[in-house]
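In case you want the letters, here they are:
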Amino acid sequence: MAKKLLIVESPAKAKTIEKYLGGDFSVKSSYGHIRDLEKGNDLGVDVANDYRPNYIISPDKYKTVKELKEAAAKSDEVWLATDEDREGEAISWHLCEVLGLDTQSTKRIVFHEITKPAIQKAVLSPRNLDMNIVNAQQARRVLDRLVGWELSGLLWKKVKGQLSAGRVQSVSVKLVVEREREIQAFTVTPYFKVVANFLAKNIQGKMVSFKAEAPQRFDNPAGAEDFLKKCVGANYKVGNIEVKPTRRKPAPPFTTSTLQQEASRKIGFSVSRTMSVAQKLYEEGFITYMRTDSTNISESALQTMGDEIVKLYGPKYHHLRRYKTKNDSAQEAHEAIRPTYMERQNVSANRDEQRLYELIWKRAMASQMADAELEKTIVDITISTQQQAKLVAEGEVLKFDGFLKVYLEGTDDEDEETSGILPPLTVGQQLDMDDMTATEKYTRPPARFTEASLVKKLEELGIGRPSTYAPTISKIMEANRGYVVKESREGEQRSFQIFTLRNNQISKSTGKEITGTTKNVLYPLDMGMIVCDFLDEHFKKVMDYGFTASVEREFDDIAEGKIVWSKMIDRFYKPFHETVEKTLAEADRASGERILGVDPETGRTVLVRMSSLGKPVIQIGTGEELDKKEKPRYANLRPGKNLETVTLAEALEGFQLPRVLGEYEGEVLEVNTGRYGPYVKFGGQFISLPKGEDPFETTYERALELILVKKEADRPLGHFQNLPITKGKGRFGPFVKWAELYVNIPARFNFDTLTEPQAIEIIEQKIEKEANRYIQHWPEEGISIENGRWGPFIKCKKLIVNLPKLDAGAKMTADQARSLELAEVKKIIEKEYPGVFDAKKAPAKNAKAGAKSAAKKK
């Protein structure tokens, strides 16, 4: 056995590092964090005891911890080599705590890249754990747990179950919501742009066309047409030529944020995909550490990059640059993201890895190359019939490509136009005009956020840090939250006017264009808007961008040892908790209700709101308007509509369902919508429409296609105990059905090729699990004590009740719960939900609160 044990957090990283170290070291992986704050029904933070975190080893890490303890016991010394950021420092500290290592003497090594020289150099200069950095990460974790726990619990009671909120997550949603409202409030105004095409000879003597524009816009068609009329019979000549030499500098090497942005623009990667691929490149030793906000490059790397540029392109292309990060909180000891060996241009057969590596290589290489030198030419063209007016032509000539030989940074500006090359022109030269057009254009609202541009905005505002961008974006787009969705949507056709002057004649025509088309942009959903408004109303400080950024700066101060982390938490938490309690007691339920008008048929109120199930609904009739036993009429919003913008006419369309499409096999075939979305009804069967399909546009042929697919899917794939086994896809994913049992199909099985033996295996496992589910069961009472992921719990119909802790504060075991009598169990339930067994009295707490605990136990 090796004398020294080196622990990293990734098996791929361990494999790479082990190649570079001699036989003195054995390298093992912790597979990320080995422990975290306690989950389940506990906050995991002892607020009364200086916010002491209650860490537990994650159940899925028991085996890993056991193996690490065994390896540590056989080693003379344990070294830690987790990532160099705060999270990596925290992982090292947790390893010390769990493995019983001394934090003052245990050796910790850090490196920016996984190369042999870097690893060997790090081993020669180990350091101790930096508890300030650990405490900064602890502060973030504790604060995020406190905010998330309390706000999420509040949302469960005031909006809907299964929702979540967080310090960074919620302001990220707010950015998307505010941008959408800015777009909705934007007034599109038309204007006219005048462009003329002139003819002149190029250097080769060939007649070519070039464009010139009128500097001013025209607000109406009359003004544009009048300008063209005044140009009838005009002569045009070059009035002035201005030549400006310009230089373009390369962008700095990548930080986490700029890599995510550029990978999105140039190769279409999502933020999470970028980070996943970059992690693999780092662990394989191809790039430096990928979570960084520094643009710094080490001196040795600068030297090798310069040598490579000279070798590939020549000395005139090299220009040494030392970048200084603008972000005050950036750690200059860290490096920008760059290749570990610049001479490597191909590193992987994996297409994603190679494409991202090429992007990193080009950006790093370009950052050390010479400026691009350009010559910009601006030509004023006079109009003989309009002394005060002119047309302007612009051209650009690349004199020396410099860094552009390798790389050009992308842009999110859809309107950016590049200048072409102008033919040789002289002052006073007469020009022949081919034609002149005044084309109707329209002002554009701000662009919706993409994942990458949202990261850019968060970075600009100082919200979050490199390690938090990707998980934050992924979190707000989780389907079960319903806050934000990434979609591509088709635009609408729009007409525009064109006035054309040719041969001294003006003609008028109409063109058509598609406007509003989007690709992979972020849209807020109704639930996201409602939650955002609710939090913004009651927690202005938490939702304030400046305040959120100031919290990040306080984390930086903790990392530098300037402030005590528990005091920083205390200053925030006490007033925050008071606001939570006040909101819980005083705030009304948030539903986003909007009254649209009156139903012309019944004269009753038409409104839209979010239902208690979290679905946007249209409602006709309020409590005051209905008879005693009469219920309101409900309909669902059509796809693409939302609570904030739907009109009365659009809402009333929802009540045109069901639509009868015809008959099939003697049964009526109709399309409708219900609690779980739109569906086709055929006889006694209900077949859900695929997500995004509009029931108002479903044809008979489409409905028939869905029926046939359903029939094929319902055909038994086998039998078990003489009963048929079928499979299908539902709200919670693919499943097999046998008898009255529905069982989710595990990811390791392929739904399309599922066999009878595999289905039987899944069913038998479910039967065995159900047999072990109950500790005690009183079916006639609707009460049971069940095994859960976090220990035994009581279930009373739909309510989930925690078992009381024992005198010593320990949780009740299954054996102890087995000894409880029914009367004792009822007392526990009654204490948690007063009046629950009184048929005339509703439970004091909403069942949704219980559902929250259930979700965590399963």
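Residues numbered from 1 in each chain as written. Predicted model: local features only at pLDDT ≥ 70, side-chain atom pairs only at ≥ 80, totals over all residues. Heavy atoms only, no water.

Undergrad: Explain the overall build of the protein to me, and be specific about the residues and the numbers.
TA: Looking only at helices and strands, the protein has 22 helices and 34 strands in total. Over its C-alpha atoms, taken along the principal directions, the protein stretches across nearly 105 × 85 × 60 Å. A burial count over the protein gives 47% of its 858 residues as buried. Contacts in the protein between residues at least 24 apart in sequence constitute 66% of all its contacts with a sequence separation of at least 6. Working note: accessible area of the protein is about 43800 Å², and carbon and sulfur atoms make up 48% of it. (Helix = DSSP H or I, 4+ residues; strand = E, 2+ residues; numbered from the N terminus. Buried < 20%, exposed > 50% of the residue type's maximum accessible area, 1.4 Å probe, protein only. Contact = heavy atoms within 4.5 Å. Areas by Shrake-Rupley, 256 points an atom, 1.4 Å probe, with all protein chains shown as cover.)

Undergrad: Can you tell me about the pattern of salt bridges, naming the residues and giving the values?
TA: Under the defined criterion, the tally for this structure stands at 58 salt bridges. The salt bridge involving K711 is made with E665; its shortest N-O contact spans 3.1 Å. Separated by 46 residues along the polypeptide, K711 in helix α18 (residues 700–714) and E665 in the loop between β23 (659–664) and β24 (667–674) bring together distant segments of the chain. For K711, a relative accessible area of 31% puts it in the partly exposed group. Each of the salt bridges in this network shares a partner with another, and the network as a whole consists of E9, K13, D83, D85 and R291. (Salt bridge = Lys/Arg side-chain N within 4 Å of Asp/Glu carboxyl O.)

Undergrad: Explain the sheet that holds strand β27 (residues 718–720) to me, using residue names and the numbers behind them.
TA: What the four strands build is an open sheet, ordered β27-β28-β29-β30; its pairing is antiparallel. Bordering the open sheet on either side are β27 and β30 (741–744), each of which pairs with just one other strand. Each neighbouring strand pair of the sheet contributes to a mean axis angle of 40°, computed without reference to strand direction. Pairing between β27 and strand β28 (residues 723–730): three bridges, direction antiparallel. When the bridges of β28 are listed, H719 appears paired with P724. (Pairing = 2+ DSSP bridges. Axes fitted to C-alpha atoms, helices over the stretch in contact; angles between N-to-C directions.)

Undergrad: I'd like a description of the packing of aromatic side chains, backed by residues and values.
TA: Enumeration over the complete set of coordinates arrives at 18 aromatic pairs. With a centroid separation of 6.1 Å and an interplanar angle of 55°, the aromatic rings of Y313 and Y317 are classed as tilted. Under the relative-accessibility criterion, Y313 is labelled partly exposed at 23%. Accessibility expressed as a relative area gives 8% for Y317, which makes it buried. Centre to centre, the rings of Y679 and F686 are 5.2 Å apart; their planes meet at 65°, and the pair counts as edge-to-face. Overall, Y679 belongs to the buried group, its relative accessible area being 16%. Owing to a relative accessible area of 48%, F686 belongs among the partly exposed residues under this scheme. Within the aromatic cluster, the residues linked to one another by ring pairs are Y51, F539, F547, F572, Y573 and F576. (Phe/Tyr/Trp six-rings, centres within 6.5 Å; stacked < 30°, edge-to-face > 60°.)

Undergrad: Can you break down helix α2 (residues 62–73) residue by residue, with the values?
TA: With 12 residues, α2 extends 17 Å between its outermost C-alpha atoms, agreeing within 8% with the 16 Å of an ideal straight helix rising 1.5 Å per residue. Looking at α2, one finds that the buried residues are T64, V65, L68, A71 and A72. Buried positions in α2, seen along its axis, are confined to an arc of 125° and lie on one side of it. The exposed set on the far side of α2, more than 90 degrees from its buried face, consists of Y62, K63, K66 and A73. Structurally, α2 contributes buried residues whose contacts are with β1 (4–8), β2 (25–29), β6 (55–57), β7 (77–80) and α3 (86–99). (Expected span 1.5 Å × (residues − 1). Arc of directions from axis to C-beta.)

Undergrad: Give a description of the packing of helix α5 (residues 131–158) against helix α15 (residues 545–559) that names residues and reports values.
TA: Packing of α5 against α15 brings their axes to within 7 Å, and their N-to-C directions diverge by 150°. Regarding the angle of α5 to α15, the classification is roughly antiparallel. Contact with α5, carried on its side by N132, I133, N135, A136, A139, R140 and L143, involves V551, E552, F555, I558 and A559 of α15 and no other residues of that element. Taken together, the residues of the contact of α5 with α15 sort by class into eight nonpolar, two polar and two charged. (Parallel < 35°, antiparallel > 145°, perpendicular 65-115°, else oblique. Nonpolar A, V, L, I, M, F, W, Y, C, P; charged D, E, K, R; others polar.)

These figures capture arrangement, not role.
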